[in-house]
Amino acid sequence: MKCIAIDDEPLALNIIENFCAKVPFLKLCRCFNSAIDALEYLRAEPVDLMFLDINMPHITGVEFARVLDTPPMIIFTTAYQDYALTGFELNAIDYIVKPFSFDRFLRAVNKAYELQMLRETASVQRPDPDRYIMIKVEYSTVKVFIKDITYIEGLKDYIRICTPQKNFVTKSTMKNIVDKLPANEFIRIHKSFIVSIDKITSFENNHIHLANGSEIVKIPLGSQYRDSFSHFLEQNKL
């Protein structure tokens, strides 16, 4: 991910630069001690992620975020906690308080990375609706159309592929089936569940509701998948 950092403190910029160098998926393109200078850069060179301090001279990080028509993902980095709520109202990916550790930094950028992956897969044009996968069920090989799949459940060494018409149990792992599915049409919400994005009807508390033909199925949302799924909901306005 291409990123920039904006902070009027040179030490803070050095820390972000050092931390970014340790993360393989981050490319820190520029550092700025002025939000105004960063504005000109963003107009010419769009980036994926911005590390943004809040208390800066001339214009605060919050004010700067508000003037951007199409802001990149934002991680606020600040010595103050007073603006945390405002930061999240601006759909910031995270709000980390100085001095922050590399572990805290890594958790924040991982959220950004997961969201970017969801955006990229969701933007891919959907291919032929007649796509299918072939699976071994008992002594037969069965064709299952991808558009019919509502969700997939992991059962130790087996998986259950659920469709409105029928459920299919086959010997496989969740990783193997993920590799066979179009990434822009399915999302993993639990260590044991992958669901069709098109079939999602609502989200409530710790469960996701799916339309499985004429019935609604309730699937648990795993805690480790909550952040990425919440961002997915915000971006796609389900």
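Anything mentioned here points back to the structure above.
The text that follows walks through the structure, step by step, so that each part is easy to find. On a predicted model such as this, the values are computed, not experimentally measured, just so you know.

Quick notes on the rules
Residues numbered from 1 in each chain as written. Predicted model: local features only at pLDDT ≥ 70, side-chain atom pairs only at ≥ 80, totals over all residues. Heavy atoms only, no water. Helix = DSSP H or I, 4+ residues; strand = E, 2+ residues; numbered from the N terminus. Pairing = 2+ DSSP bridges. Right-handed = clockwise from strand over helix to strand, strands pointing away. Buried < 20%, exposed > 50% of the residue type's maximum accessible area, 1.4 Å probe, protein only. Contact = heavy atoms within 4.5 Å. 1 Å grid on protein atoms, 1.4 Å probe; cavity = no way out; pocket = protein on both sides within 12 Å on 5 of 7 lines; lining within 4 Å. Points joined across faces, edges and corners; volume = space filled by probe spheres on them. Nonpolar A, V, L, I, M, F, W, Y, C, P; charged D, E, K, R; others polar. Axes fitted to C-alpha atoms, helices over the stretch in contact; angles between N-to-C directions. Expected span 1.5 Å × (residues − 1). Arc of directions from axis to C-beta.

## So, the environment of P71
Tracing the sequence through the fold places P71 in the loop between α3 (61-67) and β4 (73-78). For the pair formed by P71 and M50, sequence separation is 21 residues and the distance between their alpha carbons is 8.6 Å.

## Some thoughts on unusual backbone geometry
With an omega of -10 degrees, the peptide bond running from K98 to P99 counts as cis. If you trace the backbone, P99 turns up in the loop between β5 (94-97) and α5 (102-123). Phi is positive for H58, close to 75 degrees, though the residue is something other than glycine. Of note, H58 is situated in the loop between β3 (49-52) and α3. At K156, a residue that is not glycine, the phi angle is positive and equals roughly 60 degrees. Topologically, K156 is positioned in the loop between β8 (151-155) and β9 (158-162).

## Notes on the pairing of strand β2 (residues 27-32)
With five bridges joining them, strand β1 (residues 2-6) and β2 adopt parallel strand pairing. What sits directly across from I6, in β2, is F32. In the classification by handedness, the crossover that spans β1, the intervening helix α1 (residues 10-21) and the parallel β2 is right-handed.

## Description of the environment of P72
Mapped onto the fold, P72 is located in the loop between α3 and β4. What makes P72 buried here is its relative accessible area of 12%. Distance in space between the C-alpha atoms of P72 and E17 is 18 Å, their sequence separation being 55 residues. For P72, the contacting residues outside a window of four places in its chain are V47, D48, L49 and M50.

## As for the layout of surface pockets
Here the largest pocket defines a volume of roughly 530 Å³. Taken together, 17 residues line the largest pocket, and the ones lying closest to its centre are L118, V178, F186, I187 and R188. Listed by contribution, the elements that provide at least two residues to the lining of the largest pocket are α5 and β11 (186-190). Examining the composition of the lining of the largest pocket, we find that five residues originate from one element, α5, more than from any other. Along the lines of polarity and charge, the residues of the lining of the largest pocket split into twelve nonpolar, three polar and two charged.

## Points about the sheet that holds β8
Taken in spatial order, the five strands line up as β10-β9-β8-β12-β11 in an open sheet, and their pairing is antiparallel. Taken across any chain shown, the strands that pair with only one partner, and hence form the sheet edges, are β10 (167-171) and β11. Looking at each pair of strands side by side, their axes are set apart by 20 degrees on average, direction ignored. Taken together, the five bridges between β9 and β10 define a ladder with antiparallel strand orientation. Of the residues in β10, the one forming a bridge with I161 is F168.

## As for α1
Taking 1.5 Å of rise per residue, the twelve residues of α1 would be expected to cover 16 Å, and the 17 Å separating its terminal C-alpha atoms lies within 8% of that figure. Those residues of α1 that sit buried are A12, L13, I16, F19 and C20. Buried positions in α1, seen along its axis, are confined to an arc of 130 degrees and lie on one side of it. Residues of α1 that are exposed and point over 90 degrees away from its buried face: P10, L11 and A21.

## Brief notes about the sheet that holds strand β13 (residues 200-204)
Taken in spatial order, the three strands of this open sheet run β13-β14-β15, and their pairing is antiparallel. Since the sheet does not close on itself, it has two edges, and those belong to β13 and β15 (215-220), each with one partner. On average, adjacent strands in this sheet sit at an angle of 25 degrees to one another, irrespective of strand direction. Where β13 meets strand β14 (residues 207-212), four bridges bridge the pair, whose relative direction is antiparallel.

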